[in-house]
Structures are given as structure tokens and as C-alpha cells.
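Close look at the chain arrangement
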Amino acid sequence: MSGSKINVAKQAINFLENKLSEKMIIGIGTGTTVNFFIEELKTYKHRFDGVVSSSDRSSAILKDAGIKVYELNGVNDIAFYIDGADEVSEDYSLIKGGGGAHTREKIVASASNHFICIVDKSKLVKNLGAFALPIEVIPESRSLVSRKILSLGGIPTYRQGFVTDQGNQIIDVTNLDLQNPLEVEYQINGIAGVVDNGIFAINKPKTVLVSD
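Treat the numbers as computed from the prediction; the structure is a model and nothing was measured.

Each value, and the rule that gives it
Residues numbered from 1 in each chain as written. Predicted model: local features only at pLDDT ≥ 70, side-chain atom pairs only at ≥ 80, totals over all residues. Heavy atoms only, no water. Patch = residues over 30% accessible without salt bridge, like charges linked within 9 Å, V, L, I, M, F, W, Y side chains within 5 Å. Areas by Shrake-Rupley, 256 points an atom, 1.4 Å probe, with all protein chains shown as cover. Salt bridge = Lys/Arg side-chain N within 4 Å of Asp/Glu carboxyl O. Helix = DSSP H or I, 4+ residues; strand = E, 2+ residues; numbered from the N terminus. Pairing = 2+ DSSP bridges. Axes fitted to C-alpha atoms, helices over the stretch in contact; angles between N-to-C directions. Contact = heavy atoms within 4.5 Å. Buried < 20%, exposed > 50% of the residue type's maximum accessible area, 1.4 Å probe, protein only.

Comments concerning a nonpolar patch on the surface
Together, Leu182, Tyr186 and Ile202 make up an exposed nonpolar region whose accessible area comes to about 280 Å². Within the secondary structure, leucine 182 sits in helix 6 (residues 181-189).

Take a look at the structure:
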């Protein structure tokens, strides 16, 4: 598995290599595949200005690699955002959030000009939904949101012992009908107490790179 993640990390570097510039800011996601990408990116850190990170975990790895990390509020433009996914459908809709960082990932993705998703073949699906859908919730609303999810046909499970970088909690949801992911993304985000959910249909990647 690590071989395929290294492979797609190298693909992403090859995609970016001739597009980097000294003033460029890059967005960096979270997860094991992204960690391999950061390892490859170290060699090119003199070719761009810095990065905006989607999680505290990635920020720590980037800083250890000697790559400058900016806060999103401090930058005006993110040229590329590179991140993995838990599922990728045929129309490039995603489920993300297995690591619980999907809210900030979605924010950085939406701020970028070009979202590049890097995955191994096992993440490709015809339709989303086999992977449980993470929903970040304000702690006081967890039970309310769970009841609303039940009314939609989903089965919510509280991710015990986990707190997001924003200090919130995660509900992982199975059994939802995700044939129309865009509609479900809007529907879930309309529930009071939901911070954001792990469907990326509003902010889909422009490019999906898949390991050979």
C-alpha cells in the first residue's frame, strides 16, 4: 500500500514541477498519502513561497520539513490544493474525513484555484457511500444532529475519544443514500449544529491522480 501512495505522490510532484513559482502558496491536506507527498515536496521547497495546511498534524510535518506554513487568513491566493480522499466517485465527488480534518480541508480546497486529489485505486467507487460519512458537529448538538440523521435514513455513530482541531466532535454515518451527493451535502449542512460534512460535491477536485 505504501508503494502506491509513494507512486501517486510522485505523480503529483510531476504535475506541479513546471508550474511552481517563487511567490506561490500551495494548500496541503491531511493523511498518509499526503504525508508521502510532503516528503517529495521537501526537495522543491525553494521553488515556492509556502503552504496553507488543513490540519495541525500536517502543519507539524511541514514545519519539520522546513516548509513555511501560513494561516489562511494571511494569504490572498492558493494556487493548488493537494489532498487525498476516502472515496472518489466517477464524477469526482468525494468522501473525506476519515482523519477528522474535513472541515478545514474543505475550506482550503474552496480557497484554492486548482484542487488535486491523490489516491490509490482502492478509493475509486461507482457511487459514494461504502465509507462512513463523517459529520463534524458542535458538541452540544451531537444528539440533535444524530436524530436528524436517523430521520434521513442514516445510522450515526459517535466517534468516541476524538476531538477535531476546532474542538468539535465527529459523527460517522452509514446507510445514507448518496446517489445525489450534492443534494445531501447541502441537506446535512442545513442541520443546526453541523459544522460541515465529509461530502465534497460542491468543491470537487479538478484533477484526480491515481496510483498505477
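Notes on the sheet that holds strand 9 (residues 155-158)
Strand order in the open sheet made by the four strands is 9-10-8-11, with antiparallel pairing throughout. Only two strands of the sheet have a single neighbouring strand rather than two, namely strand 9 and strand 11 (194-197). Strand-to-strand twist across the sheet, computed as the mean angle between neighbouring axes with direction ignored, equals 30°. In this sheet, strand 10 (residues 169-174) lies alongside strand 9 in antiparallel orientation, the contact comprising four bridges. When the bridges of strand 10 are listed, tyrosine 158 appears paired with isoleucine 171. Sheet strands in contact with helix 6 are strand 8 (133-137) and strand 11, and its direction is about 165° off that of strand 11.

A closer look at the pairing of strand 7 (residues 112-119)
With seven of its eight residues buried, strand 7 lies for the most part within the structure. Pairing geometry for strand 7 and strand 13 (residues 207-210), over four bridges, is parallel. Residue pairing for strand 13: isoleucine 116 is matched across the bridge by threonine 207.

Overview of the sheet that holds strand 1 (residues 25-28)
Across the sheet, six strands lie side by side as 3-2-1-4-7-13; this open sheet has parallel pairing. Every interior strand has two partners, whereas the edge strands, strand 3 (69-70) and strand 13, have only one. Taken together, the three bridges between strand 1 and strand 4 (residues 78-83) define a ladder with parallel strand orientation. Directly across from isoleucine 26, in strand 4, lies its bridge partner phenylalanine 80. Across the sheet, helix 1 (residues 2-16) is in contact with strand 4, strand 7 and strand 13; its angle to strand 13 comes to roughly 135°.

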